[in-house]
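Descriptive structure summary
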Amino acid sequence: MKRPRLLLGAAVLAVALGGSVATVNLASAATDVKVTASIKVTGTFDGGGKRYVGSGNLGSGGQAEGQDPLFDLAAGATLKNVILGTPAADGVHCAGSCQLTNVVWQDVGEDAATFRGNNATVVIDGGSAASASDKVFQDNRGAGGSVTIKNFKVSNFGKLYRSCGNCSTQAARKVTFQNVTATGGKVIAGVNTNYGDVATLKSNKIGSIPTCWLYTGNNTGAEPKKTGTGPNGKNCIVS
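Quick caveat: nothing in here was measured; it's all calculated off a predicted structure.

To continue, consider the nonpolar core. In this structure, Leu100, Trp105, Phe137 and Phe177 are the most contacted members of the largest nonpolar core, which totals 50 residues. The residues contacting tryptophan 105, other than those within four sequence positions of it, are Leu84, Gly91, Val92, Leu100, Ala112, Ala113, Ser128, Ala129, Ala130, Phe137 and Phe152.

Turning to the pairing of strand S6 (residues 51–54), a few remarks are in order. With burial as the criterion, each face of S6 is covered, one bearing Arg51 and Val53 and the other bearing Tyr52 and Gly54. Pairing between strand S3 (residues 33–35) and S6: three bridges, direction parallel. Paired with lysine 34 across the bridge in S6 is valine 53. As judged from the two bridges shared by S6 and strand S8 (residues 77–84), these two strands associate in the parallel manner. Along S8, the bridge assignment pairs arginine 51 with isoleucine 83.

Now for the environment of glycine 127. Following the sequence through the fold, glycine 127 ends up in the loop between strand S12 (120–125) and strand S13 (128–139). In the structure, glycine 127 is positioned 46 residues away from asparagine 81 in sequence and 8.5 Å away in space, judged by C-alpha atoms.

On to the packing of aromatic side chains. Under the criterion given, the structure shown has eight aromatic pairs. Ring geometry for tyrosine 52 against phenylalanine 71: centres 5.1 Å apart, planes inclined by 70 degrees, an arrangement best described as edge-to-face. Of this pair, tyrosine 52 sits in strand S6 while phenylalanine 71 sits in strand S7 (residues 71–73), and the two are 19 residues apart along the sequence. Geometrically, the ring pair formed by phenylalanine 137 and phenylalanine 152 is tilted, given 5.5 Å between the ring centres and 55 degrees between the ring planes. Of this pair, phenylalanine 137 sits in strand S13 while phenylalanine 152 is found in the loop between strand S14 (145–150) and strand S15 (153–163), placing the two residues 15 residues apart along the sequence. Note on accessibility: phenylalanine 137 and phenylalanine 152 belong to one class, buried. Grouped by ring-pair contacts, the aromatic residues Trp105, Phe115, Phe137 and Phe152 constitute a single cluster. Geometry around tryptophan 213 places lysine 226 over its ring, the cationic atom sitting 3.7 Å from the centre.

Take unusual backbone geometry next. The omega angle of the peptide bond from threonine 86 to proline 87 is 0 degrees, so this bond is cis rather than trans. For proline 87, the position within the fold is in the loop between S8 and strand S9 (92–94). Phi is positive for asparagine 151, close to 55 degrees, though the residue is something other than glycine. Looking at the element boundaries, asparagine 151 is found in the loop between S14 and S15. Positive phi outside glycine occurs at asparagine 179, with the angle close to 55 degrees. The residue asparagine 179 is located in the loop between strand S16 (174–178) and strand S17 (181–192) in this model. You can call asparagine 179 partly exposed: its relative accessible area is 30%.

Our next topic: the pattern of salt bridges. Tallied over the full model, the rule gives six salt bridges. Aspartate 72 is paired through a salt bridge with lysine 40; the nearest N and O atoms lie 2.9 Å apart. Within this pair, whereas aspartate 72 is found in strand S7, its partner lysine 40 is found in strand S4 (residues 39–41), the two being separated by 32 residues in sequence. Lysine 40 gets classed as exposed once you look at its relative accessible area, which sits at 64%. One salt bridge in this structure joins lysine 159 and aspartate 134, with 3.9 Å as the shortest N-O distance. A residue pair is termed long-range when its members are at least 10 positions apart, and lysine 159 in strand S15 and aspartate 134 in strand S13 qualify at 25 residues. A relative accessible area of 14% places lysine 159 in the buried class. One network of salt bridges, with partners in common, ties together Asp111, Asp134, Lys135 and Lys159.

Rules used in this analysis
Residues numbered from 1 in each chain as written. Predicted model: local features only at pLDDT ≥ 70, side-chain atom pairs only at ≥ 80, totals over all residues. Heavy atoms only, no water. Core = buried A, V, L, I, M, F, W, Y, C linked by side-chain atoms within 4.5 Å. Buried < 20%, exposed > 50% of the residue type's maximum accessible area, 1.4 Å probe, protein only. Contact = heavy atoms within 4.5 Å. Helix = DSSP H or I, 4+ residues; strand = E, 2+ residues; numbered from the N terminus. Pairing = 2+ DSSP bridges. Phe/Tyr/Trp six-rings, centres within 6.5 Å; stacked < 30°, edge-to-face > 60°. Lys NZ or Arg CZ within 6 Å of the ring centre and 35° of its normal. Salt bridge = Lys/Arg side-chain N within 4 Å of Asp/Glu carboxyl O.

Next up, the structure:
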């Protein structure tokens, strides 16, 4: 179980967005919003900088698979100006296309966000994530669409992004990273070469963190085999 991180009083997180600076006000512990059942989102949900923490059935703080999210976004929904505190359960689920703007994960639970749906376009713009023992973003989408992660900060993580390696339905998935700042991570992207995944990295600050781990994925549920690392000009492209 993860150790809670307490914020005393109000704090402000500054997030660089294309040369400008957006501020997200972090709620004090006294004004946290306790979430006991997933918040269903259609249209736009603007959290106004409040911090949401799991409680009750969403409050274990563990890494078990299959947990419910704090926010459950319908196709086409937008989540913005939200802080996910500790515990965060399975973070955010997107049933299809979605936009996450200035969303902050203070201590990633099972995953920060999971993406599903065919022809789904996902945009993460601004925000940050910290302390993901495994994945930050889990991509389970079907064919079509794309994921874009830009103006984002991440620290102390396993994989920033993973294209599902053993989902029952597999497809070629595309992801772009732009203006991402990463520290203390194992790898930026995990992609499946046999399904035609493509990860493109542009103008990021990731130091010595590997860009990609290359896998042979499957649709049987077996552990996927890692086959390589780094750019190969086809599945992992750095420009």
